[in-house]
Each structure stands twice: as C-alpha cells, then as structure tokens.
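Take a look at the letters that make up each chain.
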Amino acid sequence: MSNRIQRAFQSIHAEESLKDSTRNFIFHKTNGYRNHIRFQFSRLIPVVACIILLIVLGCYQSFFTSTSIISIDINPSLELGINRFEKVIWVKGYNPEGELLADSLEINYLNYQDALEQVLSQEEFTSKQNEPVSIAVASSNQSQQEEILSQIQSCTVERKNTFCYSAQWDNVSEAHASGLSCGKYQAFLILKSLDPTVTLEQVQTMTMQQIHSQIQSLSPSDQPQNSHGTGNGHKGNAGHSGTQNNGQHGKRERE
Amino acid sequence: MRSEQQVNQAIERYGDTVKRICMVHLKNSTDTEDIFQTVFLKYVLSSIVFESEEHERAWFIRITINVCKDFLKNFFRSHTVSIEEAIGQTDHLPLEHREVLDAVLSLPAKYRDVVYLHYYEGYTAPQISRILGKNVNTVYTLMTRSKQLLRERLGGDEL
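Note that the coordinates shown come from a computational prediction; the quantities given were computed from them, not determined experimentally.

(A) Molecular detail of the overall build of chain A. Scanning chain A from terminus to terminus reveals 11 helices and 5 strands. For chain A, buried positions account for 45% of its 255 residues. The contacts in chain A between residues at least 6 apart in sequence include a share of 57% that link residues at least 24 apart. Total accessible area computed for chain A in this model is approximately 13,400 Å², and 51% of it derives from carbon and sulfur atoms.

Okay, structure coming up:
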C-alpha cells in the first residue's frame, strides 16, 4: 500500500555535489579532523555555583544554629543562644525585665564567657547580690554542655548565690512554649514534683528566689544542704533531680 | 570525534535519508544543504556508541527531524510558506513521482514525518512514536488521517 510513496521517495537522492560540500564543510570545521572535543569548563560553572551556594548555606546554618542555651534567671529571665563555635547568636528575655535587659545588651557574636560576664555585670544583677542567680545550661551536645557548665562554674565561683546546673535539651521547646526560660521551667518542674498543685501561670510571675524558697520549704528535711549548687544540681531530669545530694534549690548562703 | 572514514561511510549510507527528510520539511536547496551539513557535523562530534545499524539510522532520522524543526523555529526566518516554492523542489523528478511527492509536501507538517517514516522507512506506529516523541495513539491518528488526505489528493486506494 505504500508502493507509490516508496517509489516516489526512492527517486530522491543526495547529490554528489551536496555530499562533497558536506565533506569539505566538516573537514574545515574540524580543522582536518584534528579538533578534539575540549572539555568545556564553562559547563561546570552552574555546578560550581551550586556547590558554593550549598557550602555558604551550610556555613550560615551551622553558624546560626544554636546548639546550647544558657538560661540566666533572677527576676530578669534571660536566655543566650550559643552556637557550636561558642558564640552568642541570640539573646531573648522571658519576662518584661528580661526583655528590657535583652534589648540593651550588645553581646551577639561574642564568646559566651565574655557575654555572660557582661550580663552579670548589669545592674539588674549586681543590685540583687542577695538573691539567687540561677544559670542553667541546656545543650544538644553533651560535651559542649559539660564544657560550658564547667566554664560558668569557674567564672561564677566568686559570686554569691549563684546556682549553676544542667537542664535537659528536650525540655527547651516545652519551656519556650510555656513562655519560660529553660532554667525557670526546670525549676517549675522540680517545684511541681513537690507540689502538684502549682501551675505554670503561678510560676510565670514568681521570681527565682520565690521558687527556690518554695522548693526548699517543700523538700524533705533530711536532704543535706549544700553551700553552692555548682553544677551538680538538678541534672535536668524533669522535676525529680532535686533529690540529688547537692541538688537543692533555694537560697544558699556562703559562709 | 569520529574519523574521516566514518564520516564518509555515514554520508554514503544515510545521505539519501537525510536529504529526503530535509525535503519533507524544507523549502529550498540552500536550507537543505545547511541542514545536511549540520546533521553530519553533529555526527562527527557525537560520542554516542551505536548498538546497531538500525540504531544509527534511527539516530540520523531523529536528529535530522529535530534540526529541521529548530531551523524552522528560528525567529529570524520567515514563517510564510509558499507551496509553489515547496513543490518546485520536485520539478526535476518524473511526473509519476512528482505527483505523489507534491501531495505529501502539501500535507500539514505534522503528517509529513509520519508518512515518510511509515510508508517509506517502514517504521511501525510504536517506533515512530519513539522517534518523534509523540504518543503512540497520536501517531495512529496521524497515520489514518494522512492516508485519508493522500487518497483524496491522489485518488484511488493504491498508495
């Protein structure tokens, strides 16, 4: 059924002149068949650009992701977000005093030790030497947490009524959802374990001294009193670590 | 890059095929020469390893059709079609063949490839769909419709 079309197309041929001109064309285009396909480095540009972009994004994310949080609570309730490079990348207040203080501080991108020193030298802290300062460290990286806690203990050893302890990273989101710093939330959990009737709303308006006082008053009387809750306090287990030997909250008097 | 010997063999083996496809798409011998040269230059620079002669033939057909389409889509080219100019390509052929080819060339563009590939190259609808990148049902429809149109223009059942 295709006979007529077949015969018709069969009569079409590429002329010798066309073939010759094509051979000449290709010969010149390839410089006598000597041109080899050179690798076009320009084709790599988009790939390299993507790789560079990914690296930059990765570095950006790495720098601006907090791996630890230092929660500083008296009545100003403040948190510092620390990245893997031990730099402060954000500061946030969790009550009106804390928010005011956070706005006044210029400690972003400082090493956390320098930042902490600045914070504790603020009037909001220096004017309350008799009140307990709670410094909690929560981290997704245990070794960083231990390192930071150790450094903070060293920095604050001369300071009265400073209570340093580790908080649980898993509780951070709950704390923030409740509008509390992780240090204050940790204290809430301990208080709640002793008094189940206490509510978040009550704790939100309490100072750390008030929380500590309640914990102390509710704690079993045979618990030993420690002079300084340096780092061995409530180890971050929600609500129960106050039973640790030196995990007592509350006001601590140094001799 | 392929050798001069390979290129010469390819020109001899597939030159007629490339010329026929060019004629189906293009309107004058100058354009045909441009496309013819472009197709074989692509062949020279291509590093594809052909599994068989059929694979190689199908490659030439697909490349020629694509180059023709790209050429016709060029912004700087005129899109007006002169049927007399198109039909003029067949003036040198015997009347019997000229009549058939003129009928084919007068078909809308979408039918011409299908007519050539099926009635001359002998490809089936699934093979044509792979070459042209069209749905196989579309190809069947084009084949049926083109057959009807050719019967109307050429008369009779014998094609």
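(B) Fine view of the nonpolar core. In this structure, Phe9(A), Leu117(B), Ile128(B) and Leu150(B) are the most contacted members of the largest nonpolar core, which totals 35 residues. Elements with a contribution of two residues or more to this core: helix 1 (3-10) of chain A together with helix 1 (4-25), helix 3 (53-73), helix 5 (95-106), helix 6 (109-120), helix 7 (125-132) and helix 8 (136-154) of chain B. For this core, the element with the highest residue contribution is helix 6 of chain B, accounting for 7 residues. What Leu117(B) contacts, discounting residues up to four positions off in sequence, is Ile61(B), Ile65(B), Gly122(B), Tyr123(B), Ile128(B), Ile131(B) and Leu132(B).

(C) A look at the interface of chain B and chain A. Taken together, the contacts link 39 residues of chain B with 30 residues of chain A. Between chain B and chain A, a total of about 3,400 Å² is buried, with carbon and sulfur atoms accounting for 65% of that surface. At the junction of chain B with chain A, the criterion picks out 4 salt bridges. Ionic pairing is found between Arg23(A) and Glu12(B), a salt bridge with its closest N-O pair at 2.6 Å. In this assembly, chain B and chain A are joined by 11 residue pairs in polar contact (both at pLDDT 80 or more). Mapped onto the side of chain B that touches chain A, the elements with two or more residues apiece are helix 1, helix 2 (29-45), helix 5, helix 6 and helix 8 of chain B.

(D) Spatial organisation of the pattern of salt bridges. Inspection of every chain in the model, using the stated rule, returns 9 salt bridges over all chains. Here Arg57(B) ties to Glu121(B) by a salt bridge, and the two come within 3.5 Å at their closest N and O atoms. In this pair, Arg57(B) is assigned in helix 3 and Glu121(B) in the loop between helix 6 and helix 7, connecting sequence segments 64 residues apart. Residue Glu121(B) is classed as buried on the basis of its relative accessible area, which comes to 18%. Through salt bridges with shared partners, one network takes in Glu16(A), Lys19(A), Asp20(A), Arg23(A) and Glu12(B).

(E) Representation of the layout of surface pockets. Quantified by volume, the second largest pocket comes out at close to 270 Å³. In this structure, the second largest pocket is lined by 16 residues; those nearest its centre are Glu15(A), Leu18(A), Lys19(B), Ser29(B) and Thr32(B). Looking at which element gives the most residues to the lining of the second largest pocket, the answer is helix 2 of chain B, with 4 residues. Among the residues forming the lining of the second largest pocket, the class breakdown is 4 nonpolar, 9 polar and 3 charged.

(F) Focus on a nonpolar patch on the surface. All names here are of chain A. A surface patch of nonpolar side chains, about 720 Å² in accessible area, is lined by Phe41, Leu44, Val47, Val48, Ile51, Ile52, Ile55 and Val56. As for its position among the elements, Val56 is in helix 3 (residues 44-63). Judged by relative accessible area, which is 48%, Val56 ranks as partly exposed.

(G) Representation of the state of the cysteines within the structure. In total, this model carries 0 disulfides over all chains according to the counting rule given. Cysteine Cys68(B) is unpaired, with the sulfur of Cys22(B) as its nearest cysteine sulfur at 4.4 Å.

(H) Geometry of the packing of aromatic side chains. Residues and elements named next belong to chain B. Enumeration according to the criterion identifies 19 aromatic pairs over all chains in this entry. Between Phe40 and Phe60, the aromatic rings sit 5.2 Å apart at their centres with planes inclined by 45 degrees, giving tilted as the arrangement. Here the residue Phe40 occupies a position in helix 2, and Phe60 occupies one in helix 3, the gap between them amounting to 20 residues. Take Phe40 and Phe60: they sit in the same class, and that class is buried. A centroid spacing of 5.0 Å and a plane angle of 35 degrees characterise the contact between Tyr43 and Phe60, whose relative ring orientation is tilted. Taken together, the residues span a long stretch of sequence, with Tyr43 in helix 2 and Phe60 in helix 3 at a distance of 17 residues.

(I) Seen up close, the confidence of the model for chain A. All names here are of chain A. Confidence in the prediction for chain A averages 80 pLDDT; 83% of positions are at 70 or higher. Across chain A, the secondary-structure element scoring lowest on mean pLDDT is helix 6 (residues 123-126), at 75, and the one scoring highest is strand 3 (residues 88-93), at 94. Predicted confidence for residues 224-255 stays below pLDDT 50, and this span has 91 contacts to residues more than four positions away or in other chains.

(J) Summary view of the sheet that holds strand 5 (residues 162-167) of chain A. All names here are of chain A. The mixed open sheet is built from 5 strands, whose spatial order is 3-2-1-4-5. The open sheet terminates on both sides in strands that have one partner only, identified here as strand 3 and strand 5. Geometrically, the sheet is characterised by an average inter-axis angle of 15 degrees between neighbouring strands, direction not taken into account. Strand direction decides the pairing type here: strand 1 (residues 66-73) and strand 2 (residues 77-83), joined by 7 bridges, are antiparallel. Residue pairing in the sheet places Ile69 in a bridge with Gly81 of strand 2.

What counts and what doesn't
- Residues numbered from 1 in each chain as written.
- Chains lettered and ligands numbered in written order.
- Predicted model: local features only at pLDDT ≥ 70, side-chain atom pairs only at ≥ 80, totals over all residues.
- Heavy atoms only, no water.
- Helix = DSSP H or I, 4+ residues; strand = E, 2+ residues; numbered from the N terminus.
- Buried < 20%, exposed > 50% of the residue type's maximum accessible area, 1.4 Å probe, protein only.
- Contact = heavy atoms within 4.5 Å.
- Areas by Shrake-Rupley, 256 points an atom, 1.4 Å probe, with all protein chains shown as cover.
- Core = buried A, V, L, I, M, F, W, Y, C linked by side-chain atoms within 4.5 Å.
- Buried area = accessible area lost by both parts, 1.4 Å probe.
- Salt bridge = Lys/Arg side-chain N within 4 Å of Asp/Glu carboxyl O.
- Polar contact = N/O pair within 3.5 Å; in protein donor to acceptor, adjacent residues only side chain to side chain.
- 1 Å grid on protein atoms, 1.4 Å probe; cavity = no way out; pocket = protein on both sides within 12 Å on 5 of 7 lines; lining within 4 Å.
- Points joined across faces, edges and corners; volume = space filled by probe spheres on them.
- Nonpolar A, V, L, I, M, F, W, Y, C, P; charged D, E, K, R; others polar.
- Patch = residues over 30% accessible without salt bridge, like charges linked within 9 Å, V, L, I, M, F, W, Y side chains within 5 Å.
- Disulfide = S-S within 2.5 Å.
- Phe/Tyr/Trp six-rings, centres within 6.5 Å; stacked < 30°, edge-to-face > 60°.
- pLDDT = per-residue confidence, 0-100.
- Pairing = 2+ DSSP bridges.
- Axes fitted to C-alpha atoms, helices over the stretch in contact; angles between N-to-C directions.

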